[in-house]
Amino acid sequence: MENCPEAQRLRTHPGVGALTALTFVLIIGRADRFQCGKQIACYLGLVPEEESSGERRRLGHITKQGNSLLRFLLVEAAQVTVRSDQEWRNKYYHLMMRRGRKIAKVAMARRLAVRMYWMMRKGWDYEQLKKFGSHAGQPGPGDGVK
């Protein structure tokens, strides 16, 4: 653990312990081989299966294509994060009321995996992530109707 600065950085995120951080670093490898967070979620099997035909689109259970140990550790770490971080708790309860407990747990694990990916890719610790974090989906200067 002392020889792995990436894992030490990931441990600064609430809920992420040594085992989760080290497993994430070892399984993901180089973060630059993925272009976005969606690819990480897909690689880990945290996205829903899709059965589409014509106009009908049906999303099923998660694909479970990736490493099952890392998926388990991410779910556990996300649950610890939900207990320790008020913002995560609010999102979890909102999801749980809408979609159910199991889906909310997996959604939070996916969110944690994407955050850990960006921390690894940018070389940020948790404080830097909170300061400069993802602004995806928020309108920036120059966006909008012209």
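Now for a quick tour of the structure. Just so you know, these numbers come straight off a predicted model, no measurement behind them.

Thresholds, definitions, all that
Residues numbered from 1 in each chain as written. Predicted model: local features only at pLDDT ≥ 70, side-chain atom pairs only at ≥ 80, totals over all residues. Heavy atoms only, no water. Buried < 20%, exposed > 50% of the residue type's maximum accessible area, 1.4 Å probe, protein only. Helix = DSSP H or I, 4+ residues; strand = E, 2+ residues; numbered from the N terminus. Contact = heavy atoms within 4.5 Å. Salt bridge = Lys/Arg side-chain N within 4 Å of Asp/Glu carboxyl O.

**Looking at helix 2 (residues 18-28)**
Now for step 1: For helix 2, every residue scored as buried is listed here: Thr20, Ala21, Thr23, Phe24, Val25 and Ile28.
Now for step 2: Where helix 2 is buried, its residues touch helix 1 (5-10), helix 3 (37-43), helix 4 (68-84) and helix 6 (101-122).
Now for step 3: In the segment just after helix 2, Gly29 is the residue with positive phi, at about 75°.

**Here's the deal with the pattern of salt bridges**
Now for step 1: In the structure shown here, the tally under the stated rule is three salt bridges.
Now for step 2: With a closest N to O distance of 3.1 Å, Asp32 and Arg30 form a salt bridge.
Now for step 3: For Glu50, the salt bridge is made with Arg57, and the minimal N-O distance between the two is 3.1 Å.
Now for step 4: In this structure Glu50 comes out as partly exposed when scored by relative accessible area, which is 46%.
Now for step 5: Under the relative-accessibility criterion, Arg57 is labelled exposed at 58%.

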